[in-house]
Amino acid sequence: MPYSKISGKAYHDLSKHSYLSVQVNPNYVDAATQPISFKVYPRFYRCLQLNRNNPIHAFLWLTSAITLEKIYKDSRYKLRVNPSAGALYPTEVYVQMRGVEGIIDGIYHIEVENNCLTLIYELIDDGLENYVIPNKCINGFIFLVSCVYHRSSWKYQDRSLRYCLLDSGHHLGAIAAFCISSRKQHTTRL
């Protein structure tokens, strides 16, 4: 949907299903044109393979992990830990790490298909937190969830923004659940 000054309520009204809307636009999709579900950076980027025996790596892996592979009509589908409308997985996760033992301070892309962290920006002094809290450095993790709109719009057309927001919420919920779970495990060990 092109940018406009349309309100949230107007978008909701224009994109909601009704008996008539489903009849007028049944929305057939061509599986041969489905966008890929994984973002992969070129090989010359520095990558850190995730080792699930390392608690930090396991935590990062579990926020986006592939948990099941299914074959349907000779096509392989990789299902992830976080739910997704139509299993299209429009979300991509980036994480800034600072002061994490064994990991270069930087902004990484969690590359789900290859089970690795791809360093896209090495932190020298500034980071993401500087845009929110000037002159403040945060040690640990800052997660960013972005959506690849085309992965959702391929199937859901005008309704795709709804599903991008839904899937982003699912992904943030998965990250929050693992943060809470790992914090509980850490405090019970103390």
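Up top you'll find the structure we're talking about.
Residues numbered from 1 in each chain as written. Predicted model: local features only at pLDDT ≥ 70, side-chain atom pairs only at ≥ 80, totals over all residues. Heavy atoms only, no water.

Asker: What am I meant to see in the overall build of the protein chain here?
Answerer: Across its full length, the protein chain holds six helices and seven strands. Starting at the N terminus, the α and β elements of the protein chain follow one another as α-α-β-α-β-β-β-β-β-α-β-α-α. Overall, the protein chain is about 60 × 45 × 40 Å in size when its C-alpha atoms are taken along their principal axes. Counting all 190 residues of the protein chain, 34% fall into the buried class. Put simply, 63% of the contacts in the protein chain that link residues at least 6 apart link residues at least 24 apart. Accessible surface computed for the protein chain: about 12300 Å², of which carbon and sulfur atoms make up 58%. Placing the 21 positive and 15 negative side-chain charges of the protein chain at their respective mean positions leaves the two points 8 Å apart. (Helix = DSSP H or I, 4+ residues; strand = E, 2+ residues; numbered from the N terminus. Buried < 20%, exposed > 50% of the residue type's maximum accessible area, 1.4 Å probe, protein only. Contact = heavy atoms within 4.5 Å. Areas by Shrake-Rupley, 256 points an atom, 1.4 Å probe, with all protein chains shown as cover. Lys, Arg positive; Asp, Glu negative; His and termini not counted. Charge placed at Lys NZ, Arg CZ, Asp CG, Glu CD.)

Asker: For this particular structure, what's the right way to read unusual backbone geometry?
Answerer: Excluding glycine, residues mostly carry a negative phi; peptide bonds, for their part, are mostly trans. A positive phi is found at N115, a non-glycine position, where the angle reads about 55°. Mapped onto the elements of the fold, N115 is located in the loop between β5 (106-111) and β6 (116-122). You will see that N135, though not glycine, has its phi angle at about 60°, which is positive. Topologically, N135 is positioned in the loop between α4 (129-132) and β7 (140-147).

Asker: What exactly am I supposed to notice about helix α3 (residues 55-62) here?
Answerer: Side chains that are three or four residues apart share a direction in an α-helix, a result of its 3.6 residues per turn. Buried within α3 we find H57, A58, F59, L60 and W61. Its side-chain oxygen at 2.9 Å from the backbone nitrogen of I56, N54 defines the N-terminal cap of α3. (Polar contact = N/O pair within 3.5 Å; in protein donor to acceptor, adjacent residues only side chain to side chain.)

Asker: It is not clear to me how the pattern of salt bridges should be interpreted in this structure. Could you clarify?
Answerer: Where charged atoms from two side chains of opposite charge come close, those side chains can pair. Scanning the entire structure with this criterion turns up five salt bridges. Across the pair E69 and R76 runs a salt bridge, and its minimum N-O distance is 2.9 Å. Assessed through its relative accessible area of 54%, R76 is described here as exposed. (Salt bridge = Lys/Arg side-chain N within 4 Å of Asp/Glu carboxyl O.)

Asker: I tried to follow the sheet that holds β6 on my own but got confused; where do I start?
Answerer: To summarise the sheet geometry, strands pair through backbone hydrogen bonds and adopt either a parallel or an antiparallel arrangement. One open sheet holds the five strands; their spatial order is β1-β6-β5-β4-β7, and the pairing between them is antiparallel. Looking along the sheet, the strands with just one partner apiece sit at the ends: β1 (47-49) and β7. On average, each strand axis in the sheet is inclined to that of its neighbour by 30°, with strand direction left out of account. Pairing of strand β4 (residues 91-98) with β7, which is carried by eight bridges, proceeds in the antiparallel orientation. Residue pairing across strands places V93 opposite V145, the latter belonging to β7. Taken strand by strand, α3 contacts β1, β4, β5, β6 and β7, and its axis lies near 20° from that of β7. (Pairing = 2+ DSSP bridges. Axes fitted to C-alpha atoms, helices over the stretch in contact; angles between N-to-C directions.)

Asker: What am I meant to see in the nonpolar core here?
Answerer: Proteins that are soluble and globular tend to have nonpolar side chains buried together. One finds L60, V95, M97, Y108, I110, L117 and F143 to be the most contacted residues of the largest nonpolar core, which totals 16 residues. Within the residue set of this core, elements represented by two or more residues are α3, β4, β5 and β6. Those residues in contact with L60 that sit more than four places away from it in its chain are V95, M97, I110, L117, F141 and F143. Residues A85, L88, W154 and Y163 belong to the second largest nonpolar core, which totals five residues. (Core = buried A, V, L, I, M, F, W, Y, C linked by side-chain atoms within 4.5 Å.)

Everything listed here is a matter of geometry and, on its own, says nothing about what the molecule does.
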